[in-house]
Amino acid sequence: MAVMALKCPDIEVVVVDVSRPRIDAWNGDHLPIFEPGLAEVVKARRGKNLFFTADVERHVADADIVFVSVNTPTKTRGLGAGKAVDLAYWESAARMVADVSHSGKVVVEKSTVPVRTAEAIEKILAHNGHGVEFQVLSNPEFLAEGTAVGDLLCPDRVLIGGRDSAAGRNAVQTLRDVYARWVPVDRIITTNLWSAELSKLAANAFLAQRVSSVNAISALCEATGADVTEVARAVGKDPRIGGRFLDAGVGFGGSCFQKDTLSLVYACECSGLPEAAGYWRQVVAMNDYQKSRFVRRVVSSMFNTVAGKKVAVLGFAFKKGTGDTRESPAIDVCRGLLGERAHVSVYDPMVSEEQIQRDLAPAAAPAKARSRVAVARDAYEAARGAHGVCILTEWDEFRALDYRRIHGGMEKPAFVFDGRNVVDAGELREMGFVVYCVGKPLDEWLSHMPAAA
Ligand SMILES: NC(=O)c1ccc[n+]([C@@H]2O[C@H](COP(=O)([O-])OP(=O)(O)OC[C@H]3O[C@@H](n4cnc5c(N)ncnc54)[C@H](O)[C@@H]3O)[C@@H](O)[C@H]2O)c1
Ligand SMILES: O=c1ccn([C@@H]2O[C@H](COP(=O)(O)OP(=O)(O)O[C@H]3O[C@H](CO)[C@@H](O)[C@H](O)[C@H]3O)[C@@H](O)[C@H]2O)c(=O)[nH]1
């Protein structure tokens with residue numbers, strides 16, 4: 001919305017949220033999320049044509065177009081728990097729009113939703129009792145965190161799905177005209193509603209599948225002496241495959257890939273397509289395997305026990321360029337190590353101590369785990385006195401660390417487990433480290449260690 005305000009100075013954009021602390025932060029000096037370049041865009045338009053307020057109903061009532069971007073998490077209980085999307089926030093937003101509206105509106109699905117959600121939303125809106133006409137559009141968002149501003153300024157495509165009726169086509173045109181102020185029209189794709197909704201889930205499932213595919217190959221590389229970076233490069237040179245999104249690692253994270261792939265699994269199951277559901281389920285299963293395989297590698301390398309040992313964790317965000325830790329593989333890796341009674345010392349340049357402690361505290365015994373989780377101010381402090389270092393986010397600063405200094409302060413033998421392939425393994429081995437890099441030929445030390453089952 002901030003980018004839209006930047007590109008459309010004649011349009012008034014009002015961001016409303018039921019969370020007052022979030023709105024206060026959007027109006028303050030410290031935005032509630034870290035996203036490169038976003039603060040500049042917000043500051044450029046805030047108070048001019050970009051406003052943030054918790055006065056939800058008033059501004060929804062006044063609007064011509066309402067973008068609904070509420071959270072759509074995976075259900076944790078009830079029917080479809082663990083797969084289906086929880087649409088409670090969406091439904092309550094739709095009911096509120098219906099209740100407060102006295103003028104016709106275009107209601108835009110910006111959240112990622114299951115295919116055919118628009119049909120349910122239309123039904124809720126149609127019963128508003130005020131005789132108001134609504135048009136529902138699907139306009140899924142494809143930005144990635146860490147590069148969001150650039151992705152929005154120059155999107156690969158903008159997708160708009162609407163009804164094939166005069167009013168539907170009119171609504172699509174209205175939204176198309178907004179984007180056409182800065183997006184070349186050949187990148188604005190219009191489809192029917194269900195295609196737009198499903199395309200978003202399919203796009204994320206395809207991307208997640210690429211990561212799981214290269215991670216599956218990484219396991220075979222370690223078993224055979226092949227190097228996953230070389231394999232990915234050779235494979236990606238085929239233009240039918242392409243070289244992007246083939247970085248093997250400790251697994252994908254983030255609030256979207258797992259949620260949206262599981263939502264697709266559930267849609268297949270509900271449509272009586274168990275084979276298609278099983279295919280997509282395996283993308284997530286492979287990701288779980290990659291995370292647990294990493295933990296097993298750490299434990300088996302360090303003489304099959306990390307109990308009482310300090311392990312430094314460099315990087316806690318799910319990718320570089322963000323402070324977001326939702327579904328971060330670092331959480332599962334740390335939990336795995338804590339389960340083996342290790343002491344973990346975490347450093348991430350963008351994640352707060354409070355967030356790390358919250359993510360790692362088991363609901364049952366928060367205080368107990370806390371005593372074995374420390375949060376360091378820098379990588380050197382995290383690694384001091386540690387037996388091993390795990391690199392779990394590809395922050396650039398981890399490429400440029402003084403690893404000789406880190407080695408000097410560690411217990412010996414000193415291990416580096418590079419879950420993002422950021423270090424120069426050869427150099428580190430010369431310094432005396434035992435090094436593991438995902439999908440790379442194994443250090444002699446590691447190849448002689450039986451993998452923990
Ligand atoms: N985060 C991303 O990079 C990204 C990218 C593409 C699509 N999406 C999709 O966008 C949606 C939102 O994702 P997010 O990461 O911003 O979630 P989020 O949880 O960070 O933000 C959702 C916000 O909606 C607010 N909210 C909930 N119910 C409300 C209501 N009835 N009225 C007003 N505000 C309400 C919450 O307070 C919260 O601030 C999801 O469907 C997600 O899949 C996210
Ligand atoms: O080659 C790769 C590429 C990514 N990842 C990991 O995959 C996860 C997701 O990365 P990315 O897709 O870059 O970030 P997101 O912000 O989750 O963006 C995805 O999810 C968004 C929310 O739906 C979509 O809008 C975006 O198009 C889609 O890329 C991260 O943990 C990455 O480390 C890899 O392990 N290897």
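Residues numbered from 1 in each chain as written. Chains lettered and ligands numbered in written order. Predicted model: local features only at pLDDT ≥ 70, side-chain atom pairs only at ≥ 80, totals over all residues. Heavy atoms only, no water.

An unreviewed UniProt entry lists the chain under the name UDP-glucose 6-dehydrogenase, from Oryza punctata. Note on the chain: under the UniProt heading Pathway (unreviewed entry), the record states "Nucleotide-sugar biosynthesis; UDP-alpha-D-glucuronate biosynthesis; UDP-alpha-D-glucuronate from UDP-alpha-D-glucose: step 1/1." Regarding the chain, the relevant UniProt record gives this comment under Sequence similarities (unreviewed entry): "Belongs to the UDP-glucose/GDP-mannose dehydrogenase family." (UniProt positions renumbered as here; feature names shortened; annotations may be inferred.)

Trainee: In this structure, what is going on with the packing of aromatic side chains? I would like to understand it.
Mentor: Each aromatic ring pair is summarised here by two numbers: the centre-to-centre distance and the angle between the ring planes. The full count for this structure, using the stated rule, is 13 aromatic pairs. Judged by centre distance (5.6 Å) and plane angle (75°), the rings of Phe415 and Trp445 are edge-to-face. With Phe415 in strand β12 (residues 415-418) and Trp445 in helix α19 (residues 444-447), the pair connects residues that are 30 residues apart, well separated along the chain. Assessed through its relative accessible area of 2%, Phe415 is described here as buried. On the basis of relative accessible area, Trp445 is assigned to the partly exposed category, the value being 29%. Aromatic rings pair up to connect Phe303, Phe415, Phe417 and Trp445 into one cluster. One Lys or Arg, Arg157, reaches over the ring of Phe142 and ends 3.7 Å from the middle of that ring. The ring of Tyr380 has Arg405 sitting right over it, with the charged end atom 3.8 Å from the ring centre. (Phe/Tyr/Trp six-rings, centres within 6.5 Å; stacked < 30°, edge-to-face > 60°. Helix = DSSP H or I, 4+ residues; strand = E, 2+ residues; numbered from the N terminus. Buried < 20%, exposed > 50% of the residue type's maximum accessible area, 1.4 Å probe, protein only. Lys NZ or Arg CZ within 6 Å of the ring centre and 35° of its normal.)

Trainee: Mind showing me how you'd approach the site of ligand 2 here?
Mentor: As a matter of local geometry, ligand 2 sits amid 20 residues, with Phe142, Leu143, Glu145, Asn204 and Cys256 nearest to it. Contacts to ligand 2 include Asn204, whose side-chain N or O atom sits 2.7 Å from an oxygen atom. Coverage of ligand 2 by the protein amounts to 90% of the 690 Å² it exposes when considered alone. Of all the secondary structure elements, the ones that give two or more residues to the shell around ligand 2 are α9 (193-224) and α11 (257-270). By residue number, the principal contributor to the shell around ligand 2 is α9, which donates four residues. Here the shell around ligand 2 is composed, by residue class, of 11 nonpolar, two polar and seven charged. There are two domains that each give the shell around ligand 2 at least three residues, and those are domain 1 (2-200) and domain 2 (286-447). (Near = heavy atom within 4 Å. Polar contact = N/O pair within 3.5 Å; in protein donor to acceptor, adjacent residues only side chain to side chain. Areas by Shrake-Rupley, 256 points an atom, 1.4 Å probe, with all protein chains shown as cover. Nonpolar A, V, L, I, M, F, W, Y, C, P; charged D, E, K, R; others polar. Domains from an automatic or database assignment.)

Trainee: Please explain α9 as it appears in this structure.
Mentor: Each α-helix turn comprises 3.6 residues. Residues three or four places apart therefore point the same way. Along its 32 residues, α9 runs 47 Å from first to last C-alpha, staying within 8% of the 46 Å computed at 1.5 Å per residue. Two residues or fewer after α9 comes Gly225, characterised by a positive phi angle close to 90°. (Expected span 1.5 Å × (residues − 1).)

Trainee: Would you explain the pairing of strand β13 (residues 434-437) in this entry?
Mentor: Along a regular strand, successive side chains alternate from one face of the sheet to the other. Here β13 shows two buried faces, one formed by Val434 and Tyr436 and the other by Val435 and Cys437. The sheet contact formed by β12 and β13 spans four bridges and is parallel. Opposite Phe417, over in β13, you have Tyr436 as the bridge partner. One crossover worth recording links β12 to the parallel β13 by way of helix α18 (residues 425-431), and it is right-handed. (Pairing = 2+ DSSP bridges. Right-handed = clockwise from strand over helix to strand, strands pointing away.)

Trainee: Can you help me understand the site of ligand 1 in this one?
Mentor: Taken together, 19 residues lie around ligand 1, and Asp17, Arg22, Thr72, Thr112 and Lys259 are the ones closest in. At 2.8 Å, a side-chain N or O of Arg22 approaches an oxygen atom of ligand 1. In this structure, Thr112 approaches ligand 1 through a main-chain N or O atom, which is 2.9 Å from an oxygen atom. Here ligand 1, which alone exposes 830 Å², has 81% of that area covered by the protein. Residue classes in the shell around ligand 1 are distributed as five nonpolar, seven polar and seven charged.

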